[in-house]
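Each chain, letter by letter, is given below.
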Amino acid sequence: AAGHLVVVDKIYLYDNDGGEYLHGSSDGHLEINAGTTLDITAPTVDINASTVVTIDTPSVTVTDVTTSSATEGGNLRLGSNDGAVMASGHRLGVLEFAGAEDTSSTMTVGARIEALTDATWSPSENGAYLSFYTTDGNASQTEQVRIDASGNTSVLAGNLIITGATKGIIHTNS
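Quantities reported herein were computed from a predicted structural model and do not represent experimental measurements. (Residues numbered from 1 in each chain as written. Predicted model: local features only at pLDDT ≥ 70, side-chain atom pairs only at ≥ 80, totals over all residues. Heavy atoms only, no water.)

(A) Region of interest: the overall build of the protein. Across its full length, the protein carries 0 helices and 8 strands. Reading the secondary structure of the protein in the N-to-C direction produces β-β-β-β-β-β-β-β. Relative to the globule expectation of 16 Å for 174 residues, the C-alpha radius of gyration of the protein, 23 Å, shows a markedly less compact shape. Taken along its principal axes, the extent of the C-alpha atoms in the protein is 75 × 45 × 35 Å. (Helix = DSSP H or I, 4+ residues; strand = E, 2+ residues; numbered from the N terminus. Rg over C-alpha atoms; globule rule 2.2 N^0.38 Å.)

Encoded structure:
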């Protein structure tokens, strides 16, 4: 096609020493070997994956380089947008903390934090709550704490243990 690079089988871009390269193949895989650092400079980097994006690294850092203020700072946003309105009980996002449970690298969730809607969303209703889960036994996850849209905190399993000096009012339902 005019104005386009058409690759029938595969493409290789590499340096003369063979260390860094870009390899795209006809099966849809793109491999980038950048040696030590891959720099992408753009106003927006958009990755559209139909299932999952995996980053194998010991650390991910999000740094905001604008002047610090009450509205600036690193931002990690989890969202849900299938083009439909969020219904009550739909999950907005989840943070899962997992580790290998065996030498086959089987990853098991040890704890998670979820944000869920508490009503069908509209321009005037965006209520949500946070649920905190822990895992015990054979990957059995239990919701332990919930913070609702009004700020009420419920301990759903176990006991509430307060240590040190306390101020305020504690209500119980018993």
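(B) Up close: the packing of aromatic side chains. Inspection of every chain in the model, using the stated rule, returns 0 aromatic pairs. The ring of Y133 carries R112 above its face, with NZ or CZ at 3.6 Å from the centroid. (Phe/Tyr/Trp six-rings, centres within 6.5 Å; stacked < 30°, edge-to-face > 60°. Lys NZ or Arg CZ within 6 Å of the ring centre and 35° of its normal.)

(C) Seen up close, the pattern of salt bridges. Counting across every chain of the model gives 3 salt bridges. With a shortest N-O distance of 2.8 Å, R91 and E114 are connected by a salt bridge. Placement of the pair is R91 in strand β4 (residues 91–100) and E114 in strand β5 (residues 107–117), with a sequence separation of 23 residues. For R91, a relative accessible area of 40% corresponds to the partly exposed category. Three or more residues are tied together by salt bridges with common partners; here these are R91, R112 and E114. (Salt bridge = Lys/Arg side-chain N within 4 Å of Asp/Glu carboxyl O. Buried < 20%, exposed > 50% of the residue type's maximum accessible area, 1.4 Å probe, protein only.)

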